[in-house]
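The residues making up each chain are set out below.
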Amino acid sequence: MATVAPRQGGLGPDARHRIKTIAFYTALTLLAVIFVAPLVWMISTSFKDEVEAVARPPTWIPKTPTTEGYDRVLQTGSETPVLRWLLNSIVAALVHSVLVVLTASAAAYAFAHMEFRGRKLLFGLVIATLFVPPIILIVPNYQIVSYLGWLDSLAAVIIPGAAGAFGVFFMRQFFSALPRDLLDAAAVDGANDWQIFRRIVLPLSKPALATLTVLSFLTNWNEFLWSLFVLFSPERLTLPPGLATMQRAVAINYNLVMVGGVVASIPVLMLFVFAQRFIIEGISRTGIKG
């Protein structure tokens, strides 16, 4: 007489898979809520009046939505020219990111695919600068900028950080992962290093270039301490020091501060939405080869 095997306890594979999937998406939802909540609160507060912005208990949805904050902050001839600061920040961040991409990609190609004496030592010295706290360089950079006559100009917030070690390291990692046979074939066909770099390497590196552009843009966009040191005139400020000035000027009216935050966030969000595909691809491919 055949015996029936006892039924094993516990959940089956399908049930365990469903539980893991539910737990995974639940965790993602919670993380999304945590990250999105401050943004929603900022936008909501920007449409409140001064009283409701500091009311207790706080309200997520304005009881009487108003655009008074936007009217005061964005009005022409205001003591806090937010639109002028926004334009200054956009120009500075765009030019800075272009310079970073140009210098970093050229140096990274040399370190990745050109042979010269002391290449590894020089690359090691470049990487070593990543461990130097940026605040240490404020005084020497200030003296250089002052000597060049760039104080109180956008050049002071654009050029000093345009040749950084991170961009060189980031692009070098990506260039090292490119097929070497492809570059050798181009060299056999008579292409020189400049032609290989411009016609082959750069077109294949669009994800990494876009990623570095966005990261450089955000770094310059959020720069506060250095901008505070080198920019003095109200019309030449960028958004971070400008918004700090606005807080002092309006005695911290939180609805106006949140309006400034919304204005500062819009270009960054638009940039990320446009470049997110390139960012994900660039980061996923950069660490393939050391």
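Basis of the calculations
Throughout, a residue's number is its position along its own chain's written sequence, starting from 1. Selection of residues for local features in this predicted model requires a pLDDT of at least 70, selection of side-chain atom pairs for listing and counting requires 80 or more, and totals for whole chains, interfaces and linings are taken over all residues. Heavy atoms throughout the structure, all of them, feed into the side-chain values; hydrogens and water do not. Fitted lines through C-alpha atoms give the axes, limited to the stretch in contact for helices. The angle between two N-to-C directions lies from 0 to 180 degrees. Helix and strand definitions here come from DSSP, where helices need a minimum of 4 consecutive H or I residues and strands a minimum of 2 consecutive E residues; each element is numbered from the N-terminal end. Any angle that is under 35 degrees is reported as roughly parallel, and any over 145 degrees as roughly antiparallel; angles of 65 to 115 degrees are reported as roughly perpendicular and all others as oblique. Left-handed is the label given to a crossing in which the near helix is rotated counterclockwise from the far helix by less than a right angle, and right-handed is the label when the rotation is clockwise. Contact between two residues is taken to exist if any of their heavy atoms lie within 4.5 Å; hydrogens are not considered. Patches draw on residues past 30% relative accessible area with no salt bridge. Two like charges within 9 Å are joined, as are two nonpolar side chains (Val, Leu, Ile, Met, Phe, Trp, Tyr) within 5 Å. The Shrake-Rupley method, run with a 1.4 Å probe, gives the accessible areas here. Residue values count only the displayed protein chains as cover. Any carboxyl oxygen of Asp or Glu within 4 Å of a side-chain nitrogen of Lys or Arg constitutes a salt bridge here. Burial classification: accessible surface area is computed with a 1.4 Å probe over protein chains only, and a residue below 20% of its type maximum counts as buried, one above 50% as exposed, and the rest as partly exposed. Within this scheme, the nonpolar core is defined by two criteria: the residues are buried Ala, Val, Leu, Ile, Met, Phe, Trp, Tyr or Cys, and they are joined through side-chain atoms within 4.5 Å. A helix is expected to reach a length of 1.5 Å times the quantity of its residues less one. Note on ring pairs: Phe, Tyr and Trp rings are taken, using the six-membered ring of Trp, and paired if centres are within 6.5 Å. Classes follow the plane angle, with under 30 degrees stacked, over 60 edge-to-face and the rest tilted. Any Lys NZ or Arg CZ found within 6 Å of a ring centre and within 35 degrees of that ring's normal is scored as a charge over the ring. Residues are grouped as follows: Ala, Val, Leu, Ile, Met, Phe, Trp, Tyr, Cys and Pro are nonpolar; Asp, Glu, Lys and Arg are charged; all remaining types, including Gly, are polar. The pLDDT value tells you how sure the predictor is about a given residue, anywhere from 0 up to 100.

**Student:** With reference to specific residues and values, describe the packing of helix 4 (residues 82–113) against helix 8 (residues 165–176).
**Tutor:** Between helix 4 and helix 8, the least distance of the axes is 8 Å, while the angle of their chain directions is 50°. As far as their axial angle goes, helix 8 and helix 4 are oblique. As helix 4 packs across helix 8, the resulting crossing turns out to be right-handed. Facing Ala104, Ser105, Ala107, Ala108, Tyr109, Phe111, Ala112 and His113 of helix 4, the residues of helix 8 in contact are Gly167, Val168, Met171, Arg172, Phe175 and Ser176.

**Student:** Break down a nonpolar patch on the surface for me, citing the residues and quoting the values.
**Tutor:** Residues Phe24, Tyr25, Leu28, Leu31, Ile34, Phe35, Val36, Val40, Trp60 and Ile61 make up a contiguous nonpolar surface patch of roughly 1100 Å² in combined accessible area. By secondary structure assignment, the location of isoleucine 61 is in the loop between helix 2 (50–53) and helix 3 (68–74). The class of isoleucine 61 is exposed, set by a relative accessible area of 69%.

**Student:** Can you break down the nonpolar core residue by residue, with the values?
**Tutor:** One finds Val82, Val157, Trp221, Leu239 and Met246 to be the most contacted residues of the largest nonpolar core, which totals 29 residues. The set of elements that each furnish at least two residues to this core consists of helix 3, helix 4, helix 6 (138–148), helix 7 (155–158), helix 11 (206–221), helix 12 (225–230), helix 13 (239–249) and helix 14 (254–286). The leading source of residues in this core is helix 14, at 7 residues. Discounting chain neighbours no more than four positions away, the residues touching tryptophan 221 are Leu86, Ser89, Ile90, Ala93, Leu239, Pro240, Ala264, Pro267 and Val268. Counting residues in each nonpolar core, the second largest holds 24 residues, with Ala104, Ala112, Phe123 and Phe197 among its members.

**Student:** Run through helix 8, naming residues and quoting values.
**Tutor:** Given a rise of 1.5 Å per residue, 12 residues ought to cover 16 Å, and the 16 Å separating the end C-alpha atoms of helix 8 matches this to within 8%. Of all 12 residues making up helix 8, 10 are buried, and the element is well covered by its neighbours. Three or more residues of helix 8 are buried, namely Ala165, Gly167, Val168, Phe170, Met171, Arg172, Gln173, Phe174, Phe175 and Ser176.

**Student:** Just give me the short version of the packing of aromatic side chains, but keep the residues and values in it.
**Tutor:** The full count for this structure, using the stated rule, is 9 aromatic pairs. Measuring from centroid to centroid gives 5.1 Å for phenylalanine 47 and tyrosine 70, while their planes differ by 40°, and the two rings are tilted. Here phenylalanine 47, found in the loop between helix 1 (13–46) and helix 2, pairs with tyrosine 70, found in helix 3; they are 23 residues apart in sequence, far enough to count as distant. Seen from their ring centres, phenylalanine 111 and phenylalanine 116 are 6.3 Å apart, and the 45° between their planes marks the pair as tilted. Three or more aromatic residues link up through ring pairs in this structure, and these residues are Tyr109, Trp194 and Phe197. For the cation-ring pair, lysine 48 lies above tryptophan 41, with the distance from its terminal atom to the ring centre recorded as 4.3 Å. Just above the ring of phenylalanine 123 sits the side chain of arginine 172; from NZ or CZ to the centre is 4.7 Å.

**Student:** Give a detailed account of unusual backbone geometry, specifying residues and quantitative values.
**Tutor:** Even without glycine at this site, aspartate 152 takes up a positive phi of about 60°. By the element assignment, aspartate 152 lies in the loop between helix 6 and helix 7.

**Student:** Help me get a handle on the packing of helix 10 (residues 193–204) against helix 11, residues and values and all.
**Tutor:** Where helix 10 contacts helix 11, the two axes come as close as 5 Å, and the packing angle between them is 70°. It follows from the interaxial angle that helix 10 and helix 11 lie roughly perpendicular. Contact residues: helix 10 offers Leu202, Pro203 and Leu204, while helix 11 offers Lys206, Pro207 and Leu209. Per-class residue counts for the contact of helix 10 with helix 11 are 5 nonpolar, no polar and 1 charged.

**Student:** So what's going on with the confidence of the model for the protein? Residues and values would help.
**Tutor:** For the protein, the average pLDDT comes to 83, and 88% of its residues sit at 70 or higher. Helix 14 is the least confidently modelled element of the protein, averaging 75 in pLDDT, while helix 7 averages 92, the highest of any element.

**Student:** Outline the environment of proline 234, listing residues and values.
**Tutor:** Summarising the element assignment, proline 234 is placed in the loop between helix 12 and helix 13. When its relative accessible area of 46% is taken as the criterion, proline 234 is described as partly exposed. Counting along the chain gives 82 residues from proline 234 to aspartate 152, while the straight-line C-alpha distance between them is 9.8 Å. The contact partners of proline 234, leaving out residues within four places of it in the chain, are Pro81 and Trp85.

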